[in-house]
Amino acid sequence: GDQHAHVCGKVPCGGRLRVSQALPTAMALSRRTYQEKVQNQKFRSFLVGCTNIILMCLISVLTMRFYFNEGWVSAIYLSSISVLKLDSICLLSGVICNHTQGSVQWLIFTTVHCVVTFSVVTHFIVSASHYLGSDPDTAVSRLHHISTDRFARMDVNIDGKISRSEFLRDRLIQDGICDIEALDAILRNFDRLDKDKSGHINICDM
């Protein structure tokens, strides 16, 4: 009965209908959940980058103001140059030498300050570019017309039709998103898993 029909992926017609109806919804939900997760990760990284650079600027201003006795305007100006323009070594070396006669300890401090500053600013730039970067949907060009030559190239199995996978393969290659060798390696991997050569991987292939 139904128990035997489930062997090797053979399900009753009603079961196949329910599965076929539920699968696109489940895939769309999974894709949306994954995209939201990635976007949340990008936002958290961007938030950390903003927090780090604000703290870096604040610590630099307070150090200039209260340790080196610079005025508030001068402290803000010097800090903005050292952090935002990445002139840490040149600026801090000059300030420190004026106050400490260029001791070795302060030279080490200057070097550490430079490394930390570069790390913080680099992380901020990378996280901001990832979070505020362009949407992949707008970055990929849309195809409004398929020429005869391109149709022939897309139709890999020469059946007179372009399947979803054939269209995807051609777009990935032509838009430079993935090279043909990598795609062919993935498809060969699929073919090896598809033991009955049905074009699908079912329970019998596992």
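Use the structure listed above.
Calculation notes
- Residues numbered from 1 in each chain as written.
- Predicted model: local features only at pLDDT ≥ 70, side-chain atom pairs only at ≥ 80, totals over all residues.
- Heavy atoms only, no water.
- Helix = DSSP H or I, 4+ residues; strand = E, 2+ residues; numbered from the N terminus.
- Contact = heavy atoms within 4.5 Å.
- Salt bridge = Lys/Arg side-chain N within 4 Å of Asp/Glu carboxyl O.
- Buried < 20%, exposed > 50% of the residue type's maximum accessible area, 1.4 Å probe, protein only.
- Phe/Tyr/Trp six-rings, centres within 6.5 Å; stacked < 30°, edge-to-face > 60°.
- Lys NZ or Arg CZ within 6 Å of the ring centre and 35° of its normal.
- Core = buried A, V, L, I, M, F, W, Y, C linked by side-chain atoms within 4.5 Å.
- Axes fitted to C-alpha atoms, helices over the stretch in contact; angles between N-to-C directions.
- Parallel < 35°, antiparallel > 145°, perpendicular 65-115°, else oblique.

Counting through the fold element by element, Gln174 comes out in helix α8 (residues 164-174). Beyond its immediate stretch of four places on either side in the chain, Gln174 contacts Arg150 and Arg153.

Moving on, we get to the pattern of salt bridges. Per the stated rule, a full pass over the model turns up 3 salt bridges. Close ionic contact of Arg153 with Asp170 constitutes a salt bridge, the shortest N to O distance being 3.2 Å. Of this pair, Arg153 sits in helix α7 (residues 148-154) while Asp170 sits in helix α8, placing them 17 residues apart in sequence. Accessibility expressed as a relative area gives 42% for Arg153, which makes it partly exposed. Arg169 is the partner of Asp184 in a salt bridge, and the nearest nitrogen-oxygen pair spans 3.0 Å. Taken together, the residues Asp184 in helix α9 (residues 180-193) and Arg169 in helix α8 connect sequence positions 15 residues apart. By relative accessible area, Asp184 is classed as partly exposed at 24%. Within the structure, one salt-bridge network assembled from shared partners comprises Arg150, Arg153 and Asp170.

Take the packing of aromatic side chains next. In this structure the tally under the stated criterion is 4 aromatic pairs. Each ring, one from Phe43 and one from Tyr131, has its centre 5.5 Å from the other, and the planes form 55°; the classification is tilted. One end of the pair, Phe43, is in helix α2 (residues 13-67); the other, Tyr131, is in helix α5 (residues 104-132), and 88 residues separate them in sequence. Taken together, the ring pairs connect Phe43, Phe46, Phe124 and Tyr131 into an aromatic cluster. Taking NZ or CZ as reference, Arg65 lies 5.4 Å from the ring centre of Phe66, over its face.

Let's shift gears to the nonpolar core. Judged by nonpolar contacts, Val61, Met64, Phe68, Ala75 and Leu78 together constitute the single largest core of 5 residues. Among the secondary structure elements, those contributing two or more residues to this core are α2 and α3 (72-84). For Ala75, the residues in contact, after removing those within four places along its chain, are Val61, Met64, Arg65 and Glu70.

Residues separated by three or four positions in an α-helix point in the same direction, a consequence of the helix having 3.6 residues per turn. Residues of α8 that are buried include every one of Glu166, Arg169, Asp170, Arg171 and Leu172, and no others. Tucked inside the fold, the buried residues of α8 contact α7 and α9.

On to the packing of α8 against α9, then. Where α8 meets α9, the axes come as close as 9 Å, and the angle between the chain directions of the two elements is 155°. In terms of orientation, α8 and α9 fall into the roughly antiparallel class. Contacts from Arg169, Leu172 and Ile173 of α8 reach α9 at Ile180, Leu183, Asp184 and Leu187.

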